[in-house]
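Residues per chain, in single letters:
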Amino acid sequence: MQPLVYSLIDKAVYDYRLIEDGDSILVGASGGKDSTLLVEYLANRLRRPSSRFSFTALNIQSDFAPPFPEGIKNLFSGWNVDFRKIDVDILKRLKSGRRMNCFWCSMQRRTELLRFAMDNGFNKIALGHHKDDVLETALMNMIGKGELSTMPAILRYGKYPVSIVRPLYYIDEKKIVAHAKDAGYFGWTCTCGYQENSGRKDMRRRLELLTDGDENKKARLFLSLRNINREYLP
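Anyway, here's the lowdown on the structure attached to this text.

Criteria and cut-off values
- Residues numbered from 1 in each chain as written.
- Predicted model: local features only at pLDDT ≥ 70, side-chain atom pairs only at ≥ 80, totals over all residues.
- Heavy atoms only, no water.
- Salt bridge = Lys/Arg side-chain N within 4 Å of Asp/Glu carboxyl O.
- Helix = DSSP H or I, 4+ residues; strand = E, 2+ residues; numbered from the N terminus.
- Buried < 20%, exposed > 50% of the residue type's maximum accessible area, 1.4 Å probe, protein only.
- Pairing = 2+ DSSP bridges.
- Right-handed = clockwise from strand over helix to strand, strands pointing away.
- Axes fitted to C-alpha atoms, helices over the stretch in contact; angles between N-to-C directions.

Within the structure shown, the criterion is met by 22 salt bridges. Glu70 is the salt-bridge partner of Lys73, the closest N and O atoms lying 3.4 Å from each other. Within this pair, Lys73 and its partner Glu70 are both found in helix H3 (residues 70–78), separated by 3 residues, close to a single helical turn. Residues Lys218 and Glu215 are paired through a salt bridge, measuring 3.7 Å at the closest nitrogen-oxygen approach. Of this pair, Lys218 and Glu215 both sit in helix H8 (residues 215–224), 3 residues apart, roughly one helical turn. Bridged by salt links that share partners, the residues Asp132, Lys174, Glu208, Glu215 and Lys218 form one connected network.

Attention shifts here to the pairing of strand E1 (residues 24–28). Most of E1 sits inside the fold, with 5 of its 5 residues counted as buried. Burial along E1 is two-sided: the face carrying Ser24, Leu26 and Gly28 and the face carrying Ile25 and Val27 are both buried. As judged from the 5 bridges shared by E1 and strand E2 (residues 54–62), these two strands associate in the parallel manner. Each residue of the ladder has a partner; that of Leu26, found in E2, is Thr56. Of the crossover connections in this fold, the one passing from E1 over helix H2 (residues 33–45) to the parallel E2 is right-handed.

Spatially, the 6 strands line up as an open sheet ordered E3-E2-E1-E4-E6-E5, and their pairing is mixed. On the outer flanks of this sheet lie strand E3 (82–88) and strand E5 (154–156), each paired with one strand and no other. Going across the sheet, the axis of each strand differs from the next one's by a mean of 25°, ignoring polarity. Summarising the sheet, strand E4 (residues 124–126) and strand E6 (residues 163–165) pair through 3 bridges and their orientation is parallel.

The quantities given are spatial measurements derived from coordinates; they are silent on function.
This is the structure in structure tokens:
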């Protein structure tokens, strides 16, 4: 499985120029399969003679999430990954009367990643979002906001000297699950008690119903985000 997922990541990196010479990349490491695959790929890419970048994996440890898995720490150590962790009291930031949910938690962790990146000289933040995440976000924005938008492969902030990159952009979740099982790190994921408040979980179910779980149908949905026929739009 490794050659397949690596080749898909290589293609996204090439198509969108996600990794360039001199890059200092901060990776958001949750301990789950997606970000672990991203760290694994970057660690292996650094072994290529042509690689001229550096990266650090950072875990944002919230006040209610379980500790970062020791097994993943051991993998990072074996891959010679520079791993850091910072503790953040996310619940204390929640305004009175509001319910904790995955979106709020994600935004707080993104803020901390951005702050750490700027304070420590990183020019890119790499996140483990994959093709299914892109499609779910597109559906969420269409249904919830009446807007055709989603996660781009690269997002260049206008007011910050940092870009967001998503090297797993072309990989569907099933391939990541298969790879993680082969590599021995499948099973570690977010197990906090607030996941039922996640709109993304509902949209994941809707996406599966819309496509019958068919990866070819998902691939065509994904292609449609770039193949826009403006003549037949309002």
